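Residues per chain are reported as follows:
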Amino acid sequence: MEKELIKILHAEDDEIDRRLVKRILFGSPQPAEFALEQVNRISAAVECLSDKEKEYDITLLDLGLPDTTGIESVQMVNHANPDIPIVVLTGTTDKEIGLEAIKNGAMDYLSKGIALEELLVRTILYALERKKAERKIKEAVETKSEFLSIVSHELRTPLTAMKESVAIVLDGMAGEINDEQKSCLDIARRNIDRLARLINDVLDVQKLEAGKMKFDMKVSDINEVAEHVCKTMASSAKEKGVDLVLELDGKLPKVKFDVDRITQVLTNLINNAFKFTEKGSVIIKTGKGENVIQVSVSDSGCGINQENMPRLFKKFEQLAESGERKTGGTGLGLAICKEIIEEHKGDIWAESEMGKGSIFKFVLPIKEKEIIWRKES
Amino acid sequence: MAKRILIVDDEPDVLKLAEFRLRKWGYEIITAFDGQKGLELIRNEKPDLVLLDLRLPNTDGIEVCRQVKNDKELKHIPIILFTATADIAVAEVAKEYGADDYLVKPYEPEQLLKKVRSITNQ
C-alpha cells in the first residue's frame, strides 16, 4: 500500500531543534511519508498557513519564536487556519504552558527533551486522526441543520392547509356547525397548533445549539415587554380562570436585550404557570437586583417536587403530577428559555414548594460585561 | 368596490383555502401558481395587494418581490411575504427586498385579517 503523504509546517528558530525534527521524520522508516517545511518566525508561519494552496496537514509549533510570546503564537497560528491541527513543542521545563496551549486551540503538546523521538510521529498521526473525526462531526451537524430546516418547511405546508380547513369550518364560514362538531374540530385545531409549536421549538433548539439564532440586542424597557405579554395573554388567563397580575418596578433602567426573544421567554413561563395552576393567580413581577434586572413569574399551582428541580431546564423533560404527560407541551420550552437567557449573559432558575406554587426568575445584566472572546468552532 | 388580492402560491391546497377565506371576507381574488405568472398578473391586473409565497417554481418569491419593488409602475403595490420557511429571518428578507409585511405559515386567521385589512383599508 502506498504511504500517505503528510505535509508538515514546522515553526522553530533553534537550529538544533530543527535538525532534531528533521532527523526523526526522515532518519528512519516511518508509517507515513512526510514533507517538511521549516520557518523561523511566527509571521512566516501565519503567511504559509494563510496560503490555501499550500495545504498543510499539521503545524508543529515552538512557543519561543522571537516575534511572539508563548500562548499568543498558538492563537495566531490557529486563527490563520483553524482547520489545521497544531502540535506544540515546548522546552523541557514548561509543562504548564503545554496544557495552556491545548486550552487555546492546540491539539497536543510534546516536550522536546522527553522521548521526542518516540512520540513525535505517533502524536502527529493521532492529531490528524482526531482532526478527521472532528471534521466528520462538524459535517454531520451541518447536515442535521439542513435536514431539519427542510423537514420543517415540508411539515409546515400541510399543517397550514389542515389548520386553515379546520379554522374555516370552525369559524362558520362553510355553514353553521353544531356544538358536538365544534368540540371535535376544537380538538383538531388544538393539536395542529401543538404540532406547529413543536416544529418551532425543535427548530429553535437546533438554531440555538448551532449558534445560528440571531439576537437583535437593543436597549429596551422590560416593563413594556411585560405589559405587552400580559395583554396578549389576558384571554387565555380568562379562559383558564386564573388572575394574571402585573407588579412592575417603575424605576428600572433600560437594558440591552432582544425584545422578541425575551417576549418568547416570558410567554413561555406564563404558559407554564397556567398549565400547572388550576385556580388562583399568576404574578409577573419586575425588579432590580445587583447589576441586574429581574423578572419573576410566580403561580399558586401545585408546585414542583424538589427531586424534579434539576430536570426542569433539560430538553424533552415534562413534569406532571401523576407521572404522565398531559399538559400538551413539547418539553422544550424551558430548555429554550435557558439558552436564550444565557445568550443574554443572564441567568434563569426556579424556586418551588409543593402545594404552594412555583416561581420562575430570570435576570439580565444591566451593564454590558466585558466582551468575552468565544473560541471559534 | 371590493379590493383585489393576488395570491401566489404553488401549494394548491394552501392557495385554495386562503382564497376561500379572503373571498368570504369580501375580497376579490386572483391567483397564480408560480412566480412568472404572478409577475404577469401583477403587471396586467395591478392588484391592491399581493400575498406572495417565497419558494416558487420558475421565478421565486424573492425575485418577484425584487422586480416589483424596483419597477416604478408597480412598486406602490403592497406585498405580504407568505412563507412556511421560518428558519431564515423572514423579517430581514422582507425588509431587504422592500416587502410591506410578512406572514409565517401556518398562520392565524386573525393575523391574516389584520394585516390584509390594514394594508387594503377594507
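Here's what I pulled together on the structure shown here. Note that the coordinates shown come from a computational prediction; the quantities given were computed from them, not determined experimentally.

**Concerning the overall build of chain A**
Helix and strand counts for chain A come out as nine helices and 12 strands. In chain A, which comprises 377 residues, the proportion classed as buried is 43%. Partitioning the contacts of chain A with sequence separation of at least 6, the portion at a separation of at least 24 is 70%. Just so you have it, chain A exposes about 21500 Å², and 51% of that area is on carbon and sulfur atoms.

**As for the side chain of Arg-21 of chain B**
Mapped onto the elements, Arg-21 of chain B comes out in helix 1 (residues 12-24). Residue classification places Arg-21 of chain B among the buried positions, given a relative accessible area of 0%. Engagement of the side chain of Arg-21 of chain B in a polar contact is seen with the side chain of Glu-164 of chain A, the distance being 2.8 Å. Dropping the residues within four chain positions of it, Arg-21 of chain B is found in contact with Glu-164, Ala-167, Ile-168, Asp-171 and Met-173 of chain A together with Pro-109 and Leu-112 of chain B.

**Concerning the pairing of strand 3 (residues 49-53) of chain B**
All names here are of chain B. Taking burial as the measure, the five residues of strand 3 include five buried ones, the bulk of the element. Relative to strand 3, strand 1 (residues 4-8) is paired through four bridges, and the arrangement is parallel. By the bridge assignment for strand 3, Leu-6 is matched with Val-50. In this sheet, strand 4 (residues 79-83) lies alongside strand 3 in parallel orientation, the contact comprising four bridges. Looking across to strand 4, one finds that Leu-51 is bridged to Ile-80. Crossover strand 3 to strand 4 through helix 3 (residues 61-69) is right-handed.

**Section: the pattern of salt bridges**
All names here are of chain A. This model, assessed by the stated rule, comprises 31 salt bridges over all chains. The residue Arg-19 makes a salt bridge to Glu-15 at a minimum N-O spacing of 3.3 Å. Note that Arg-19 and Glu-15 are positioned in helix 1 (residues 15-27) at a spacing of four residues, about one turn of the helix. We classify Arg-19 as exposed; its relative accessible area is 57%. Using a relative accessible area of 43% as the deciding quantity, one classes Glu-15 as partly exposed. Two residues, Lys-131 and Glu-134, come together in a salt bridge whose shortest N-O distance is 3.6 Å. Pair noted here: Lys-131 and Glu-134 are both in helix 5 (residues 116-170), with a separation of three residues, about one helical turn. The exposure class assigned to Lys-131 is buried, which follows from its relative accessible area of 11%.

**Remarks on the packing of helix 5 of chain A against helix 1 of chain B**
Taken N-terminus to C-terminus, the directions of helix 5 of chain A and helix 1 of chain B make an angle of 30 degrees; their axes are 9 Å apart at the nearest point. Of the possible angle classes, the one that applies to helix 5 of chain A and helix 1 of chain B is roughly parallel. Between helix 5 of chain A and helix 1 of chain B lies a crossing whose hand is left-handed. On the side of helix 5 of chain A, the interface is formed by Thr-157, Thr-160, Ala-161, Glu-164, Ser-165, Ala-167 and Ile-168 of chain A, while helix 1 of chain B contributes Asp-13, Val-14, Leu-17, Phe-20 and Arg-21 of chain B.

**Comments concerning helix 8 (residues 259-275) of chain A**
All names here are of chain A. Look at helix 8: 24 Å from first C-alpha to last across 17 residues, which is about the 24 Å you get at 1.5 Å a residue. By the burial criterion, the buried members of helix 8 are Arg-261, Ile-262, Thr-263, Val-265, Leu-266, Asn-268, Leu-269, Ile-270, Asn-272, Ala-273 and Phe-274. Its side-chain oxygen at 2.9 Å from the backbone nitrogen of Asp-260, Asp-258 defines the N-terminal cap of helix 8.

**Observations concerning the environment of Val-229 of chain A**
Residue and element names in this part refer to chain A. As for its placement among the helices and strands, Val-229 is situated in helix 7 (residues 222-240). Residue classification places Val-229 among the buried positions, given a relative accessible area of 1%. For the pair formed by Val-229 and Ile-262, sequence separation is 33 residues and the distance between their alpha carbons is 10.0 Å.

**Observations regarding the packing of aromatic side chains**
Per the stated rule, a full pass over the model turns up two aromatic pairs over all chains. Summarising the aromatic geometry, the rings of Phe-313 of chain A and Phe-360 of chain A are spaced 6.2 Å apart at their centres and angled 65 degrees between planes, so their arrangement reads as edge-to-face. You can see Phe-313 of chain A sitting in the loop between strand 10 (292-299) and helix 9 (333-343) and its partner Phe-360 of chain A sitting in strand 12 (residues 357-365), a full 47 residues away along the chain. For Phe-313 of chain A, a relative accessible area of 15% puts it in the buried group. Between Phe-82 of chain B and Tyr-107 of chain B, the aromatic rings sit 5.4 Å apart at their centres with planes inclined by 50 degrees, giving tilted as the arrangement. With Phe-82 of chain B in strand 4 and Tyr-107 of chain B in the loop between strand 5 (101-104) and helix 5 (109-120), this pair connects stretches of sequence that are 25 residues apart. Like Tyr-107 of chain B, Phe-82 of chain B is buried.

**Remarks on the sheet that holds strand 3 of chain B**
Residues and elements named next belong to chain B. Strand order across the open sheet formed by five strands is 2-1-3-4-5, with parallel pairing between neighbours. Each of the sheet's edge strands pairs with one partner strand only, and the pair in question is strand 2 (28-32) and strand 5. Each adjacent strand pair in this sheet contributes to an overall mean axis angle of 20 degrees, direction not counted. On top of the sheet, helix 5 reaches strand 1, strand 3, strand 4 and strand 5; it is set at about 165 degrees to strand 5, its chief contact.

**A few points about helix 2 (residues 42-50) of chain A**
All names here are of chain A. Regarding helix 2, the residues found buried are Ile-42, Ala-45, Cys-48 and Leu-49. Down the axis of helix 2, the smallest arc covering the buried residues is 120 degrees, so these residues share one side. Lining the buried residues of helix 2 we find strand 1 (5-11), strand 2 (33-39), strand 3 (58-62) and helix 3 (71-80).

Basis of the calculations
Residues numbered from 1 in each chain as written. Chains lettered and ligands numbered in written order. Predicted model: local features only at pLDDT ≥ 70, side-chain atom pairs only at ≥ 80, totals over all residues. Heavy atoms only, no water. Helix = DSSP H or I, 4+ residues; strand = E, 2+ residues; numbered from the N terminus. Buried < 20%, exposed > 50% of the residue type's maximum accessible area, 1.4 Å probe, protein only. Contact = heavy atoms within 4.5 Å. Areas by Shrake-Rupley, 256 points an atom, 1.4 Å probe, with all protein chains shown as cover. Polar contact = N/O pair within 3.5 Å; in protein donor to acceptor, adjacent residues only side chain to side chain. Pairing = 2+ DSSP bridges. Right-handed = clockwise from strand over helix to strand, strands pointing away. Salt bridge = Lys/Arg side-chain N within 4 Å of Asp/Glu carboxyl O. Axes fitted to C-alpha atoms, helices over the stretch in contact; angles between N-to-C directions. Parallel < 35°, antiparallel > 145°, perpendicular 65-115°, else oblique. Left-handed = near helix turned anticlockwise from the far one by under 90°. Expected span 1.5 Å × (residues − 1). Phe/Tyr/Trp six-rings, centres within 6.5 Å; stacked < 30°, edge-to-face > 60°. Arc of directions from axis to C-beta.

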